[in-house]
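# Close look at the chain arrangement
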Amino acid sequence: MEFIREMTVPLPRGQVFAFFADAVNLERITPPELKFHILTPTPIAMRPGALIDYELSLFGVRFKWCSEITVWEPETRFVDIQVRGPYAEWVHTHTFEAVPGGTRIRDHVLYRLPFAPIGNIALPVVRAQLRRIFDYREAATWRLVAE
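Since the structure is predicted, the reported quantities are computational estimates derived from the model, not experimental observations.

### A short note on the overall build of the chain
- Per the secondary structure count, the chain includes three helices and seven strands.
- In the chain, the order of α-helices and β-strands from amino to carboxyl end is β-α-α-β-β-β-β-β-β-α.
- In terms of overall dimensions, the chain is globule-like: its C-alpha atoms have a radius of gyration of 15 Å, near the 15 Å expected for 147 residues.
- The C-alpha extent of the chain, read off along each of the three principal axes, is 45 × 30 × 25 Å.

Have a look at this one:
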């Protein structure tokens, strides 16, 4: 499955990338009901191979998730993959493009649900949840990058 979200903010690419490069900000742009908390001591040195452990609640179930940064291109893009978590596969590419008037942020997520094909019954619920999470993330990003 694939999920894509784009937004443009009126700030320079370097400033926007720096905001997303700080893993602590992920807590700030995640809906509170997910009870997202980074377990890895901060600050985290972001680079290929960096591992980030966190915990969150999804559909009322508390679990741990581990992401690995597999691509790190400052001010341009980074990719995190789920090493451990609820999905059979999760690859999240974050890209940052300078555009007239600011920076375009693009989230591209490739994911696969566990227990396919039976697990795919939950796909409409998961898609709705992803849209809701990224709606919140977009609104929070607008609020926080403007600080």
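The rest of the description comes next.
### A short note on the nonpolar core
- Core analysis: the biggest nonpolar cluster contains 40 residues, and F20, I52, Y87, Y111 and L130 have the highest contact counts within it.
- Those elements that place two or more of their residues in this core are β1 (2-9), α1 (13-21), β3 (51-58), β4 (61-73), β6 (89-99), β7 (102-112) and α3 (123-145).
- Of the residues forming this core, the biggest block, seven residues, is contributed by α3.
- Ignoring anything within four residues of it in the chain, the contact list for F20 reads I29, F78, F96, I105, R137 and T141.

### Notes on the pattern of salt bridges
- Within the structure shown, the criterion is met by eleven salt bridges.
- With a closest N to O distance of 2.4 Å, R132 and E33 form a salt bridge. Of this pair, R132 sits in helix α3 while E33 sits in the loop between α2 (24-28) and β2 (37-38); the two residues are 99 residues apart in sequence, bridging distant segments of the chain.
- Exposure remark for E33: the relative accessible area of 41% places this residue in the partly exposed category.

### Details of the sheet that holds β4
- The seven strands lie next to each other as β1-β7-β6-β5-β4-β3-β2, forming an open sheet whose pairing is antiparallel. Either end of the sheet is taken by a strand with one partner, and the two such strands are β1 and β2.
- Note that β3 and β4 share eight bridges and pair antiparallel. Bridging across to β4, L56 finds its partner in F63.
- In the packing of α1 onto the sheet, contacts are made with β1, β4, β5 (77-84), β6 and β7, and the angle to β6 comes to roughly 155°.

What counts and what doesn't
- Residues take numbers from 1 onward in each chain, read along the sequence in its written order.
- Predicted model: local features are reported for residues with pLDDT of at least 70 only, side-chain atom pairs are reported and counted for 80 or more only, and whole-chain, interface and lining totals are derived from all residues.
- Computation of side-chain values covers all heavy atoms of the structure but excludes hydrogens and water.
- Each helix is a run of H or I in the DSSP string that is no shorter than four residues. Each strand is a run of E no shorter than two, and both are numbered from the N terminus.
- Only the C-alpha atoms count toward the radius of gyration. The rule for a globule is 2.2 Å times the residue count to the power 0.38.
- For our purposes a nonpolar core is just a set of buried Ala, Val, Leu, Ile, Met, Phe, Trp, Tyr and Cys residues, chained together by side-chain atoms within 4.5 Å.
- Each residue gets one of three labels from its accessible area relative to the maximum for its type: buried under 20%, exposed over 50%, partly exposed in between, using a 1.4 Å probe on protein chains only.
- Between two residues, a contact is recorded if the distance between any of their heavy atoms is within 4.5 Å.
- A pair is scored as a salt bridge if a Lys or Arg side-chain nitrogen falls within 4 Å of a carboxyl oxygen belonging to Asp or Glu.
- Any two strands are treated as partners once DSSP identifies two or more bridges connecting them.
- All axes here are fitted lines through C-alpha atoms, helices being fitted over the stretch that makes contact, and every angle between N-to-C directions spans 0 to 180 degrees.

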